[in-house]
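# Understanding the architecture of this molecule
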There are 2 protein chains.
Amino acid sequence: MSKTEAIAKLVPVFRHYGYEGATVSRLSQATGLGKASLYHYFPKGKSEMAAAVLEYVERRFAQTVIAPLHSPGDPQHRLQSMCQSLSEFYNSGREACLLSILSHGEANTLFHQAIQTALTTWIEAIAQVLQEANCDRELAWERAEDAAIQIQGALILARVLDRTEPFQRIIAYLPRKLLASASSSV
Amino acid sequence: MSKTEAIAKLVPVFRHYGYEGATVSRLSQATGLGKASLYHYFPKGKSEMAAAVLEYVERRFAQTVIAPLHSPGDPQHRLQSMCQSLSEFYNSGREACLLSILSHGEANTLFHQAIQTALTTWIEAIAQVLQEANCDRELAWERAEDAAIQIQGALILARVLDRTEPFQRIIAYLPRKLLASASSSV
DNA sequence: GTCTATACACCGATAGAC
DNA sequence: GTCTATCGGTGTATAGAC
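In what follows, the accompanying structure is described. (Residues numbered from 1 in each chain as written. Chains lettered and ligands numbered in written order. Predicted model: local features only at pLDDT ≥ 70, side-chain atom pairs only at ≥ 80, totals over all residues. Heavy atoms only, no water.)

## Some remarks on the overall build of chain A
Counting its secondary structure elements, chain A contains nine helices and zero strands. Starting at the N terminus, the α and β elements of chain A follow one another as α-α-α-α-α-α-α-α-α. Per-residue burial for chain A yields a buried fraction of 53% across its 186 residues. Here the analysis covers contacts within chain A between residues at least 6 apart in sequence; of these, 62% occur between residues at least 24 apart. When the accessible surface of chain A is split by element, carbon and sulfur atoms take 49% of a total near 8200 Å². Separation between the mean location of the 18 positive side-chain charges and that of the 18 negative ones in chain A comes to 7 Å. (Helix = DSSP H or I, 4+ residues; strand = E, 2+ residues; numbered from the N terminus. Buried < 20%, exposed > 50% of the residue type's maximum accessible area, 1.4 Å probe, protein only. Contact = heavy atoms within 4.5 Å. Areas by Shrake-Rupley, 256 points an atom, 1.4 Å probe, with all protein chains shown as cover. Lys, Arg positive; Asp, Glu negative; His and termini not counted. Charge placed at Lys NZ, Arg CZ, Asp CG, Glu CD.)

What follows is the structure in structure tokens.
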């Protein structure tokens, strides 16, 4: 088994159980590898596994969700493309955000900087698109933050309420909200 | 020490470390009680401590955040009052939401129903106020869910970005957004 | 590379003195 | 009620055969 394949199988364990809940036993079971084999791929142990998982997910997020924002085409289309990818990335709201899960407890002390950078990169890409759509710099940044806020909040609501509708509704309205004229945004 | 005092001291440990990260040793340290003393107050152990903490926090939330929604006065004033209390409750966005933290891993299987009920109660109270402000039933419910979404998302952003501004901005605009005429809400 | 077996610390939980 | 001491189990991590 390649290391990348192993990482892919580790992802859902960290996403579901969080850092402390993702025990090496569970990680071993999920990959089908013995504990010692896991330590062959990740000599520094669980923290290295989590770091690899985080990097893997961030890469995938950049390639599928952020990339469309940098593509050619008009801003509205790019934002819609991002939303489509977001919906797939989070399985219509059924799956939690790894970043938000790893922002607690010990994991937070380990990965705070990486998580902050990843989130900022996303927000910045959205803000860039909004500026191209004639938002002034400050408003664009605020609305980009709002986008991240609504996605994160919708994921929580969807999980707690056992309904994907809140997430899907947020996704559906997001491009319109972001591009609305300034006067109607309050 | 009274049981209630003990519970109050347990709260920040669960909120900061999550369920698995809140070890009995840490809980013991935080309260100043020995492990065995904790088990005197909570015979079923950690799960009972978490349940007590959850109930305590929900009670406080109901008394400070939800209560203003049921008070007399016009809807706008009631929503502003809720926002003021929300800001204090989460210390301007510096403190995480216990409900969202306990909605992962083993804690989620233990407390999912309680968490869902608590969140629904809050959303319902907001929706009720919006209906009194002449929102139709469905729109009121959607906007109430949006309020919860934005608060939860803002708490995540504030924590990850180490800035309280996103939370404070969401709080500041929330009453206006909720009461905006339907046509400008998309 | 993958395994079985194991080391050692810490987990949640309990016994029993005071 | 609170403590010290300790239990059995599981946690992370390693050793060493294959």
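## Things to note about the pattern of salt bridges
Tallying each qualifying case throughout the model produces twelve salt bridges over all chains. Note that Arg78(A) is salt-bridged to Glu132(A), the shortest N-O span being 2.6 Å. Here Glu132(A) lies in helix 7 (residues 105–132) and Arg78(A) lies in helix 5 (residues 75–89), a separation of 54 residues in the sequence. Glu132(A) gets classed as partly exposed once you look at its relative accessible area, which sits at 42%. Here Glu145(B) and Arg163(A) are joined by a salt bridge, their closest N and O atoms 2.7 Å apart. Here Glu145(B), found in helix 8 (residues 137–161), pairs with Arg163(A), found in the loop between helix 8 (137–161) and helix 9 (165–179), and the two come from separate chains. Glu145(B) gets classed as buried once you look at its relative accessible area, which sits at 3%. (Salt bridge = Lys/Arg side-chain N within 4 Å of Asp/Glu carboxyl O.)

## Details of the relation of the copies chain B and chain A
Under the fitted operation, chain B is carried onto chain A by 0.0 Å of movement along the axis and a turn of 180 degrees, and the coordinates agree to an RMSD of 0.0 Å. This pairing of chains is accounted for by a two-fold axis. If distances are taken from each C-alpha of chain B to the rotation axis, the shortest is found for Gly153(B), at 1.9 Å. (Least-squares fit on C-alpha atoms with pLDDT ≥ 70 in both.)

## Section: unusual backbone geometry
Residues and elements named next belong to chain A. Phi at Ser92 takes a positive value of approximately 60 degrees, unusual for a residue other than glycine. With respect to the helices and strands, Ser92 occurs in the loop between helix 5 and helix 6 (98–101). What makes Ser92 buried here is its relative accessible area of 16%.

## Looking at the environment of Tyr173(A)
With respect to the helices, strands and loops of the structure, Tyr173(A) is situated in helix 9. Taking the relative accessible area as the measure of exposure, Tyr173(A) reaches 29% and is therefore partly exposed.

## Concerning the protein's contact with DNA strand C
Taken together, 18 residues lie around DNA strand C, and Gly34(A), Ala36(A), Tyr41(A), Val24(B) and Tyr39(B) are the ones closest in. Within 4 Å of the protein, the contacting atoms of DNA strand C are 67% sugar and phosphate, with bases supplying the remainder. Ser25(B) places a polar side-chain atom, nitrogen or oxygen, 3.2 Å from a phosphate oxygen of DNA strand C. Contributions of two or more residues to the surface near DNA strand C are made by helix 3 (35–41) of chain A together with helix 2 (24–31) and helix 3 (35–41) of chain B. (Near = heavy atom within 4 Å. Polar contact = N/O pair within 3.5 Å; in protein donor to acceptor, adjacent residues only side chain to side chain.)

## Topic: the interface of chain B and chain A
Taken together, the contacts link 40 residues of chain B with 40 residues of chain A. Remark: the boundary between chain B and chain A carries six salt bridges. With a closest N to O distance of 2.8 Å, Asp146(A) and Arg169(B) form a salt bridge. The interface formed by chain B and chain A includes 18 residue pairs in polar contact (both at pLDDT 80 or more). At 14 residues, the largest contribution of residues to the side of chain B that touches chain A is made by helix 8 of chain B. Here the side of chain B that touches chain A is built from residues that sort into 16 nonpolar, 14 polar and ten charged. (Nonpolar A, V, L, I, M, F, W, Y, C, P; charged D, E, K, R; others polar.)

## What to know about the side chain of Ser103(A)
Tracing the backbone shows Ser103(A) in the loop between helix 6 and helix 7. The contacts of Ser103(A), once residues within four sequence positions are left out, are Asn108(A), Ile115(A), Arg159(B) and Val160(B).

## A word on the packing of aromatic side chains
Using the criterion set out here, one finds 14 aromatic pairs over all chains in the structure. Taking the centre distance of 6.4 Å and the plane angle of 55 degrees together, the rings of Tyr41(B) and Phe42(B) count as tilted. By relative accessible area, which is 0% here, Phe42(B) ends up buried. For the ring pair Phe61(B) and Trp122(B), a centre distance of 5.2 Å and an interplane angle of 85 degrees mean the geometry is edge-to-face. You can see Phe61(B) sitting in helix 4 (residues 46–70) and its partner Trp122(B) sitting in helix 7 (residues 105–132), a full 61 residues away along the chain. Following the ring pairs from residue to residue traces out a cluster consisting of Phe61(A), Phe89(A), Tyr90(A), Trp122(A) and Phe167(A). Lying across the ring of Tyr19(A), Lys46(A) places its NZ or CZ 4.7 Å from the centre. (Phe/Tyr/Trp six-rings, centres within 6.5 Å; stacked < 30°, edge-to-face > 60°. Lys NZ or Arg CZ within 6 Å of the ring centre and 35° of its normal.)

## Topic: the protein's contact with DNA strand D
Taken together, 17 residues lie near DNA strand D, and Val24(A), Tyr39(A), Gly34(B), Ala36(B) and Tyr41(B) sit nearest. A share of 67% is what sugar and phosphate atoms reach among the atoms of DNA strand D within 4 Å of the protein. Between a phosphate oxygen of DNA strand D and a main-chain N or O atom of Val24(A), the distance comes to 2.6 Å. Between a phosphate oxygen of DNA strand D and a side-chain N or O atom of Tyr41(B), the distance comes to 2.7 Å. If you list the elements that add at least two residues to the surface near DNA strand D, you get helix 2 (24–31) and helix 3 of chain A together with helix 3 of chain B. A per-element tally of the surface near DNA strand D places helix 3 of chain B first, with four residues.

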